[in-house]
Amino acid sequence: MFTQLRFPPGTDVESFLASYWQRRPLPMPQALPGFSSPLDAEELAGLACEPELESRLILERDGEHPWEVRHGPLAMSDFAELPPSHWTLLVQDVDKFLPAVAELLSAFGFLPGWRVDDIMVSFAADKGSVGPHLDEYDVFLIQAEGRRRWRIDPIPGPNGPVIPDIDLRILQRFEPREEYLMKPGDVLYLPPGIPPW
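I will try to describe carefully the structure that is included in this document. (Residues numbered from 1 in each chain as written. Predicted model: local features only at pLDDT ≥ 70, side-chain atom pairs only at ≥ 80, totals over all residues. Heavy atoms only, no water.)

So, about the sheet that holds strand β5 (residues 121-124). The sheet built from four strands is open, its strands ordered β3-β2-β4-β5 with antiparallel pairing. Both edges of this open sheet fall to β3 (67-71) and β5, since each of them pairs with a single strand only. The mean inter-strand angle of the sheet, taken between neighbouring strand axes irrespective of direction, is 15°. Looking at chain direction, strand β2 (residues 55-60) and strand β4 (residues 87-91) are connected through five bridges and run antiparallel. Its bridge partner being in β4, Ile58 is matched across the sheet by Thr88. In this fold helix α2 (residues 41-48) packs onto β2, β4 and β5, with an angle of close to 65° to the strand it touches most, β4. (Pairing = 2+ DSSP bridges. Helix = DSSP H or I, 4+ residues; strand = E, 2+ residues; numbered from the N terminus. Axes fitted to C-alpha atoms, helices over the stretch in contact; angles between N-to-C directions. Contact = heavy atoms within 4.5 Å.)

Right, dumping it as structure tokens:
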């Protein structure tokens, strides 16, 4: 179903591994041309209700504690009570339960298998986010539907202070230096320690 990732002009697998892998971000417009999501938002919500899958619902609210995390399994009634904006659903290991999602891994066959963890699928309502955060692993952000603005600080630095008392590693301070508007089929590679929002 998927072919190998299409790198930007002037970049191929060898130059990606030599110059970008675990070093610096790489935006890849139309790296998966014609990409179509193998599941929709309702199917993802259904997976978040399954006890075998790890899921999180993240809500951004005004007030003293602006972020709230709800761990799954969730109930369908949880989704009926959501506000129209400012929330995100994350579901881990979707590739282990849906073969159509697992096929996406073939586009990343140039990476050693032991470096691949899982495919996490997210759905964000309008203005939904998990905030500026740090990941300690390589990430390929794939835009499946709609458009999404990503802001990053491409200069790795020491882990800044995070907002206390929540089950997320959201940075208290974040100074984005680059911004990308991603469309379906676009991919953004982020090495460890590069904070995105």
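For the rest of this paragraph, the subject is the pairing of strand β9 (residues 187-190). Residues Val187 and Tyr189 line one face of β9 and the alternating positions Leu188 and Leu190 line the opposite face, and both faces are buried. Bridging between strand β1 (residues 26-28) and β9 involves three bridges; their strand directions are antiparallel. The residue bridging Leu26 from the neighbouring strand is Tyr189, located in β9. As paired elements, strand β6 (residues 139-142) and β9 share four bridges and run antiparallel to each other. In the strand pairing of β9, Leu141 is matched with Leu188. (Buried < 20%, exposed > 50% of the residue type's maximum accessible area, 1.4 Å probe, protein only.)

The tally for this structure, following the rule as stated, stands at nine salt bridges. In this structure, the salt-bridge partner of Arg115 is Asp138, at a minimum N-O distance of 3.0 Å. Separated by 23 residues along the polypeptide, Arg115 in the loop between α4 (99-102) and β5 and Asp138 in the loop between β5 and β6 bring together distant segments of the chain. The class for Arg115 is partly exposed, based on a relative accessible area of 32%. For Arg149, the salt bridge is made with Glu179, and the minimal N-O distance between the two is 3.3 Å. With Arg149 in strand β7 (residues 148-152) and Glu179 in strand β8 (residues 178-182), this residue pair connects regions lying 30 residues apart in the sequence. (Salt bridge = Lys/Arg side-chain N within 4 Å of Asp/Glu carboxyl O.)

Judged by nonpolar contacts, the single largest core of 38 residues is most densely connected at Leu5, Phe16, Met28, Leu89 and Phe140. When residues of this core are traced back to their parent elements, those giving at least two are α1 (13-19), β1, α2, β2, β4 and β9. The leading source of residues in this core is α2, at four residues. With near-sequence residues (within four places) excluded, Leu5 lies in contact with Met28, Ala31, Leu32, Ala107, Phe108, Phe110, Phe140 and Val187. Ranked by size, the runner-up nonpolar core spans nine residues in total, among them Leu141, Ile152, Tyr180 and Leu188. (Core = buried A, V, L, I, M, F, W, Y, C linked by side-chain atoms within 4.5 Å.)

Adjacent strands of a sheet form backbone hydrogen bonds with each other and so pair up, either parallel or antiparallel. The strand order across the open sheet formed by three strands is β1-β9-β6, and the pairing between neighbours is antiparallel. With partners counted over all chains shown, the strands left at the sheet margins are β1 and β6, one partner each. On average, adjacent strands in this sheet sit at an angle of 15° to one another, irrespective of strand direction.

All right, on to the side chain of Asp153 then. Here Asp153 shows up in the loop between β7 and β8. Under the relative-accessibility criterion, Asp153 is labelled buried at 12%. Among the polar contacts listed, one links the side chain of Asp153 to the side chain of Arg177, at a separation of 2.6 Å. In contact with Asp153, other than residues within four places in its own chain, are Phe174, Glu175, Arg177, Ile194 and Pro195. (Polar contact = N/O pair within 3.5 Å; in protein donor to acceptor, adjacent residues only side chain to side chain.)

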